[in-house]
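# Report on the structure
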Amino acid sequence: MRTKVIAGNWKMNKNLNESVTLVSEIKNGLTSLNCSSEIIICPPYTSLETVNSLIKNTAINLGAQNMHFEDSGAFTGEISADMLKSVGCNYVILGHSERRKIFLETDEVINEKINKALDEKLKVIFCIGETLTERESKITFKVLEEQIVNGLNNISDEKVVNLTVAYEPVWAIGTGKTASPEQAQEVHEFIRKLIAKLYSNNISQDMKILYGGSVKPGNAASLLSQADIDGALIGGACLKADSFLEIIKIAG
Ligand code: PGA
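This write-up is about the structure you can find in this document. (Residues numbered from 1 in each chain as written. Predicted model: local features only at pLDDT ≥ 70, side-chain atom pairs only at ≥ 80, totals over all residues. Heavy atoms only, no water.)

### Brief notes about helix α9 (residues 181–198)
Taking 1.5 Å as the rise per residue, α9 with 18 residues should run 26 Å; its terminal C-alpha atoms sit 25 Å apart, in good agreement. Burial in α9 covers these residues: Pro181, Ala184, Gln185, Val187, His188, Ile191, Arg192, Leu194 and Ile195. (Helix = DSSP H or I, 4+ residues; strand = E, 2+ residues; numbered from the N terminus. Expected span 1.5 Å × (residues − 1). Buried < 20%, exposed > 50% of the residue type's maximum accessible area, 1.4 Å probe, protein only.)

### Regarding the pairing of strand β4 (residues 91–94)
Of the two faces of β4, the one holding Tyr91 and Ile93 and the one holding Val92 and Leu94 are both buried throughout. Two elements, strand β3 (residues 60–64) and β4, share two bridges in a ladder whose sense is parallel. If you follow alanine 64 over to β4, its bridge partner there is valine 92. Assessed by its sense of winding, the connection that carries the chain from β3 through helix α3 (residues 81–86) to β4 is right-handed. (Pairing = 2+ DSSP bridges. Right-handed = clockwise from strand over helix to strand, strands pointing away.)

### Brief notes about the sheet that holds strand β6 (residues 163–167)
Across a sheet, paired strands are connected by hydrogen bonds in the backbone, their directions being either parallel or antiparallel. The strand order around the closed barrel built from eight strands is β1-β2-β3-β4-β5-β6-β7-β8, with neighbouring strands paired in parallel fashion. Strand-to-strand twist across the sheet, computed as the mean angle between neighbouring axes with direction ignored, equals 25°. Packed onto the sheet, helix α2 (residues 45–55) meets β2 (38–42) and β3 and runs at close to 170° relative to β3. (Axes fitted to C-alpha atoms, helices over the stretch in contact; angles between N-to-C directions. Contact = heavy atoms within 4.5 Å.)

### Re the environment of alanine 81
Topologically, alanine 81 is positioned in helix α3. Accessibility expressed as a relative area gives 3% for alanine 81, which makes it buried. Residues alanine 81 and lysine 113 lie 32 residues apart in sequence; the distance between their C-alpha atoms is 9.1 Å.

This is the structure in C-alpha cells:
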C-alpha cells in the first residue's frame, strides 16, 4: 500500500504575512484531523524560512517550486539545492508545466535539475503533462513517455526511489477542467508500466504518482480512489486552508 501524498503548490502567491496566516491555519486544522497522508507545502522562496520555523515538530514537509542545477556562481536570480536545504526544504517541484512553457525549460534542463536535487538528497516532485493540442492529436502517451525518458535519463535506481511523479495535464491546470478519474487513471497506469520498464516492477509499485490540475474538494474523492492515483498536487485550492484541509481529509 502506498501512502497518499497531498502537496500544495502556492506558485507566486502569498507574501510573508499571508504565508504565516495560511500555514498557521493549515497547522491548526491538521491537529484535529486524523491524517495518514504525507503533507507537503511549497510556498514561494521568500516565505520558506519562516514557514519552516512554523512547521517544526509537525508532520508537514517543506518544498520549493524550482531550483537551479549548479552549486553556486553567476546565475542571477537563481537558487541552489544547498540554499533550499539550508532553509528547511526536503522537497522540490521540478518540471512544472509553467516552468516548461513560460520559462522555456527543456527536458534536458529538467533532467539536470532532477539529478542535482537527488544527489543533494532533496526529494523531487517531477511534473509531466500534455497540452490540449497534444491530447486532441492523440499523442498524449508519446509526449509523456518522452518527458519521462528524457527527464529520468541516467537517474539510477538508488536515486529514483526519492522521486514522485506528478501527472498534470496542462489543459487542466488553473482552468477548472479536470481530467475525468478514468482519463487520469489510464495515464497513471501507463506511467507506472513505463517506470517498471525503465526500472523494475518493485520500483514502479512503490513509486507515488500524483494527479494535478484543478483538484478541489468536489472532485478529490473520485480522483484519489483510482488504483494508480497516489495523491494530488494542488494549486488554486491550496491557497485557502479550508479547501486544502478538506482535500487532506478526503485523502484519509
Ligand atoms: P491547479 O494547479 O490546482 O490550480 O490547477 C495545479 C498545479 O499547477 O500544480
